[in-house]
Amino acid sequence: QGNVASRGAFEPQGGAVINLGPATALHDGASITGAGMVVLAGDGTVDGTVTVPGNLQFNGSALTLNGTLEVQSSGYFNWLGGSLTGVGTNVTGAVVVDSGGNMVMNGINTLTLRNCAITNQGTLTWTNTATLFMGYNAVIDNQRYFQIMGDATLTTLSSGGPGYGVAAINNNHNFSL
């Protein structure tokens, strides 16, 4: 656990795995590079723009996005469970999948997207039967390829303050089930 900022990078080599525990903060300019994998477990924070030209996996309880997690053209973001959330009840966080980038929603555990936007310009894949809860103005904006494989469930958040059930999926390109 700790803080990585301004040009700091985690760079695991092929086959290597870096496990980052709770309370890890990635600040503006930080990046995930290398052929190995960086695993975020527990709670974490992204502030500013953090780039992922390598491999990042999240399976914690909450990743707070107060900025942009940019999955670049060679990047891979594997969301295994937990909450991707902005700050407060406004959309303050974004995951941007660039052309050639990949984001996989594996959903081994429940996935929650709240006051956060996913903009897909690469490939977004939802691979199994997990439930995705969305609310507080959460958006998935598909501009390229979005594939759902399996009998997944999409639902709004069931309770909370005003706006808890507001969410959208916008499809502007290829969407397959």
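Above this note sits the structure.
Rules behind the numbers
- Residues numbered from 1 in each chain as written.
- Predicted model: local features only at pLDDT ≥ 70, side-chain atom pairs only at ≥ 80, totals over all residues.
- Heavy atoms only, no water.
- Helix = DSSP H or I, 4+ residues; strand = E, 2+ residues; numbered from the N terminus.
- Rg over C-alpha atoms; globule rule 2.2 N^0.38 Å.
- Buried < 20%, exposed > 50% of the residue type's maximum accessible area, 1.4 Å probe, protein only.
- Contact = heavy atoms within 4.5 Å.
- Polar contact = N/O pair within 3.5 Å; in protein donor to acceptor, adjacent residues only side chain to side chain.
- Core = buried A, V, L, I, M, F, W, Y, C linked by side-chain atoms within 4.5 Å.
- Pairing = 2+ DSSP bridges.
- Patch = residues over 30% accessible without salt bridge, like charges linked within 9 Å, V, L, I, M, F, W, Y side chains within 5 Å.
- Areas by Shrake-Rupley, 256 points an atom, 1.4 Å probe, with all protein chains shown as cover.
- Salt bridge = Lys/Arg side-chain N within 4 Å of Asp/Glu carboxyl O.

## Concerning the overall build of the chain
No. 1: Across its full length, the chain carries 0 helices and 20 strands.
No. 2: Its C-alpha atoms give the chain a radius of gyration of 15 Å, within 12% of the compact-globule value 16 Å for 177 residues.
No. 3: Taken over the C-alpha atoms alone, the chain extends approximately 40 × 35 × 25 Å along its principal axes.
No. 4: The burial tally for the chain puts 47% of its 177 residues in the buried class.
No. 5: In the chain, the proportion of contacts linking residues at least 24 apart, taken out of those at least 6 apart, comes to 37%.

## Here we look at the side chain of Asn-115
No. 1: Topologically, Asn-115 is positioned in the loop between β12 (111-114) and β13 (116-120).
No. 2: In terms of polar contacts, Asn-115 uses its side chain to reach the side chain of Thr-85, at 3.0 Å.
No. 3: Within the local environment of Asn-115, its side chain forms a polar contact with the backbone oxygen of Val-87, the two atoms lying 3.5 Å apart.

## Looking at the nonpolar core
No. 1: Judged by nonpolar contacts, the single largest core of 36 residues is most densely connected at Phe-77, Trp-79, Leu-84, Val-95, Met-103 and Leu-113.
No. 2: For Trp-79, the contacting residues outside a window of four places in its chain are Phe-58, Leu-84, Met-103, Val-104, Met-105, Asn-106, Gly-107, Leu-111, Thr-112, Leu-113, Ile-118 and Leu-132.

## Side note on the environment of Thr-68
No. 1: With respect to the helices, strands and loops of the structure, Thr-68 is situated in strand β8 (residues 55-71).
No. 2: When the C-alpha positions of Thr-68 and Val-52 are compared, they lie 11 Å apart, and in sequence the two are 16 residues distant.
No. 3: Not counting the four nearest positions on each side in its chain, Thr-68 is found in contact with Val-46, Gly-48, Thr-49, Val-50, Ala-94 and Val-96.

## Some thoughts on the pairing of strand β16 (residues 138-142)
No. 1: Across the 5 residues of β16, 4 count as buried, placing the element largely inside the fold.
No. 2: Both β13 and β16 contribute to a ladder of 4 bridges, which runs parallel. Looking across to β16, one finds that Ala-117 is bridged to Val-139.

## Quick notes on the environment of Asn-120
No. 1: Relative to the helices and strands, Asn-120 resides in strand β13.
No. 2: Look at Asn-120 and you get buried, because its relative accessible area is 0%.
No. 3: Excluding its chain neighbours within four sequence positions, the residues that come into contact with Asn-120 are Val-97, Asp-141, Asn-142, Gln-143, Arg-144, Tyr-145 and Phe-146.

## Here we look at the side chain of Asn-142
No. 1: Tracing the backbone through its elements, the reader meets Asn-142 in strand β16.
No. 2: Exposure remark for Asn-142: the relative accessible area of 0% places this residue in the buried category.
No. 3: In this structure the side chain of Asn-142 is engaged in a polar contact, spanning 3.3 Å, whose partner is the backbone nitrogen of Arg-144.
No. 4: The contacts of Asn-142, once residues within four sequence positions are left out, are Asn-120, Asn-170, Asn-171, Asn-172, His-173 and Asn-174.

## Considerations on a nonpolar patch on the surface
No. 1: On the surface, Leu-154, Ile-169 and Phe-175 cluster together to form a nonpolar patch covering roughly 240 Å² of accessible area.
No. 2: In this structure, Ile-169 sits in strand β19 (residues 167-171).

## Some points on unusual backbone geometry
The general pattern is negative phi for most residues beyond glycine and trans for most peptide bonds.
No. 1: For Asn-115, which is not glycine, the phi dihedral falls at a positive 35°.
No. 2: If you check the backbone angles, Asn-137 has positive phi at about 65° while not being a glycine.
No. 3: Inspection of the secondary structure puts Asn-137 in the loop between β15 (131-135) and β16.
No. 4: Residue Asn-137 is classed as partly exposed on the basis of its relative accessible area, which comes to 35%.

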